[in-house]
Amino acid sequence: MGVFMVIVGLFLMVLCACTAVLRWNELRYRKKGLPPGTMGWPVFGETTEFLKQGPNFMKNQRARYGSFFKSHILGCPTVVSMDPELNRYILMNEAKGLVPGYPQSMLDILGKCNIAAVHGSTHKQMRGALLALISPTMIREQLLPKIDGFMRGFLSNWDNKVINIQDKTKEMAFLSSLKQIVSAESSSVATEFMPEFFKLVLGTLSLPIDLPGTDYRRGFQARKNILKTLGQLIEQRRESEESHKDMLGYLMRHDDSNRHKLSDAEIIDQIITILYSGYETVSTTSMMAVKYLHDHPTVLEELRKEHMGIRARKRADEPIDWNDLKSMRFTRAVIFETSRLATIVNGVLRKTTQEMELNGFVIPEGWRIYVYTREINYDPFLYPDPLAFNPWRWMDKGLESQNYFLIFGGGTRQCPGKELGIAEISTFLHYFLTRYRWEEVGGEKLMKFPRVEAPNGLHIRVSSN
């Protein structure tokens, strides 16, 4: 009996201590004018609940506090906005007291020159350099032929195999981007580079706790290894004085053809940005397109008809060209519908540079604002029958240009690589659909938050057409 009472006493002491800590943390952030909400634990805040519960956490908070509430996620005091009108205003008015506000882990691992982190004139310079690499002219004349050649080889010899399409699309997205960035050296650096890059990606969405065994520590160490590899590559190219018609070659030019000259550190962060931003969207959208097409035979039949029609006009070994890409109207619709329904991107983060008023509340300087756009993708007023996979809704071009189309970001931060990503996914689907048929094996579970992924893989059995 005595031991039992001691245990009960200890339990009550711990409970009281936890309650006191939570209460103290709430009082710290009880400033007049702040939106309603909860802040959770010191340092950790509500990050665990946010990452585990995802959309349900957001819906529960909105039910309690409305569509504009405070929280503490990913190491920062944060105001979450789930209001479509307010979200659009925030994205369109970055210069007015708002700058990119990505988590510290992402800033540390992607680099301080990463285009998503910089603002003002530096952002203009970095964005200009990036747009020069992925303009429609560059896609048509240089990038699409490389993408086509890569996909043609990558998608060979899949016949009569069971493959994990999640792993394959990750590999595809990374290697395709690497081929565009460093054409000549892509094969020699890929084996060493790829595992480090995958660690870097995992580290960007973690608490910035620098302890052995954490995703943050592994991601930051991976960045150091990648910096070393890319630094050596730049030096080797400089010493050889050969010209290279790839992204790195263009970034290293110091003649009049390159109006956006960058330092080596900026070049390396630009390369990491290109790899990172394209990897997540291209790999996940490709995997989920395969999943949705398998589950919707009518859509698959329509899409295969589009690609077989293109193939019928060409020789067996003839690559697809710019005109073919532009004719893939239904493919584009499938890509948009996949991105909408799977919700590859849940929202964007901004940071206040001064105390400012939003939605009738006062937001302190240095706070993050999480523009949560996920729910817009399921708004029945914008997308009738929103949970249905219906690419035909996108055949009306007006839907792509409507004010709340935020799948690829918005304002001055709209994804500059949107058309390049669409070109990569379209080319992947072209060769996959014209060469193969497939069926799922295993019926694996899919997670939709914080990343869209199949924890045990997504396995398919492939056979030739």
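Worth saying up front: this structure is predicted, and the values here are computed from it rather than measured. (Residues numbered from 1 in each chain as written. Predicted model: local features only at pLDDT ≥ 70, side-chain atom pairs only at ≥ 80, totals over all residues. Heavy atoms only, no water.)

## Thoughts on the packing of aromatic side chains
With the rule as written, the count across this model stands at 22 aromatic pairs. On the numbers, 5.8 Å between centres and 25 degrees between planes, the contact of Phe68 with Phe361 is stacked. Here the residue Phe68 occupies a position in strand S1 (residues 68-73), and Phe361 occupies one in strand S7 (residues 361-363), the gap between them amounting to 293 residues. Judged by its relative accessible area of 3%, Phe68 falls in the buried class. One aromatic cluster in this structure is built from Phe150, Phe154, Trp158, Phe428, Phe432, Tyr436 and Trp438. (Phe/Tyr/Trp six-rings, centres within 6.5 Å; stacked < 30°, edge-to-face > 60°. Helix = DSSP H or I, 4+ residues; strand = E, 2+ residues; numbered from the N terminus. Buried < 20%, exposed > 50% of the residue type's maximum accessible area, 1.4 Å probe, protein only.)

## Describing the packing of helix H8 (residues 165-181) against helix H9 (residues 186-204)
Relative orientation and spacing of two packed helices are given, respectively, by the angle between their axes and the distance between those axes. Running from amino to carboxyl end, H8 crosses H9 at an angle of 130 degrees, the nearest separation of the two axes being 10 Å. Viewed along their axes, H8 and H9 adopt a mutual orientation that is oblique. The element H8 and its partner H9 pack so that their crossing is right-handed. Across the interface between the two elements, Lys170, Glu171, Phe174, Leu175, Leu178 and Lys179 from H8 touch Ser186, Val189, Ala190, Phe193, Met194, Phe197 and Phe198 from H9. Tallied by class, residues from the contact of H8 with H9 come to 9 nonpolar, 1 polar and 3 charged. (Axes fitted to C-alpha atoms, helices over the stretch in contact; angles between N-to-C directions. Parallel < 35°, antiparallel > 145°, perpendicular 65-115°, else oblique. Left-handed = near helix turned anticlockwise from the far one by under 90°. Contact = heavy atoms within 4.5 Å. Nonpolar A, V, L, I, M, F, W, Y, C, P; charged D, E, K, R; others polar.)

## Topic: the layout of surface pockets
Approximately 500 Å³ is the volume attributed to the largest pocket. Here the lining of the largest pocket gets 5 residues from one element, more than from any other, and that element is helix H12 (residues 264-295). Tallied by class, residues from the lining of the largest pocket come to 11 nonpolar, 7 polar and 6 charged. (1 Å grid on protein atoms, 1.4 Å probe; cavity = no way out; pocket = protein on both sides within 12 Å on 5 of 7 lines; lining within 4 Å. Points joined across faces, edges and corners; volume = space filled by probe spheres on them.)

## Looking at unusual backbone geometry
Phi is positive for Asn160, which is not a glycine, with a value near 60 degrees. Tracing the backbone through its elements, the reader meets Asn160 in the loop between helix H7 (136-154) and strand S4 (161-164). The exposed category is assigned to Asn160, whose relative accessible area is 65%. Although it is not a glycine, Asn359 adopts a positive phi angle of roughly 60 degrees.

## Regarding the pattern of salt bridges
Enumeration according to the criterion identifies 23 salt bridges in this entry. The shortest N-O distance in the salt bridge between Asp317 and Arg315 comes to 3.8 Å. Each member of the pair, Asp317 as well as Arg315, is classed as exposed. With a shortest N-O distance of 2.9 Å, Arg340 and Glu337 are connected by a salt bridge. Of this pair, Arg340 and Glu337 both sit in helix H15 (residues 329-342), separated by 3 residues, roughly a single helical turn. Overall, the relative accessible area of 0% leaves Arg340 in the buried class. A residue is classified by how much of its surface remains accessible, and Glu337, at 0% relative accessible area, is buried. Through salt bridges with shared partners, one network takes in Arg313, Lys314, Arg315, Asp317, Glu318, Asp321 and Asp324. (Salt bridge = Lys/Arg side-chain N within 4 Å of Asp/Glu carboxyl O.)

## Here's the deal with the nonpolar core
Counting 127 residues, the largest nonpolar core has Trp158, Phe197 and Phe428 as its most contacted members. Element by element, the count of residues in this core is highest for H12, at 15 residues. Filtering out sequence-adjacent residues up to four positions away, Phe197 remains in contact with Phe174, Ile226, Leu275, Tyr276 and Tyr279. (Core = buried A, V, L, I, M, F, W, Y, C linked by side-chain atoms within 4.5 Å.)

## What to know about the sheet that holds strand S9 (residues 436-440)
Spatially, S4-S10-S9 is the arrangement adopted by the 3 strands of the open sheet, whose pairing is antiparallel. Of all strands in the sheet, those bounded by a partner on one side alone are S4 and S9. Across this sheet, the average inter-strand angle for adjacent strands is 35 degrees, counted without regard to direction. Pairing between S9 and strand S10 (residues 459-464): 5 bridges, direction antiparallel. In the sheet register, Tyr436 faces S10, and the bridge partner there is Ser464. Its contacts with the sheet put H8 on S4 and S10, and the angle it makes with S4 is roughly 65 degrees. (Pairing = 2+ DSSP bridges.)

## Things to note about the environment of Asn114
Its location among the elements puts Asn114 in the loop between helix H5 (104-110) and helix H6 (120-133). Placed 153 residues apart in sequence, Asn114 and Ile267 show a C-alpha to C-alpha distance of 9.5 Å. With sequence-adjacent residues up to four places away left out, Asn114 is seen in contact with Asp269 and Thr273.

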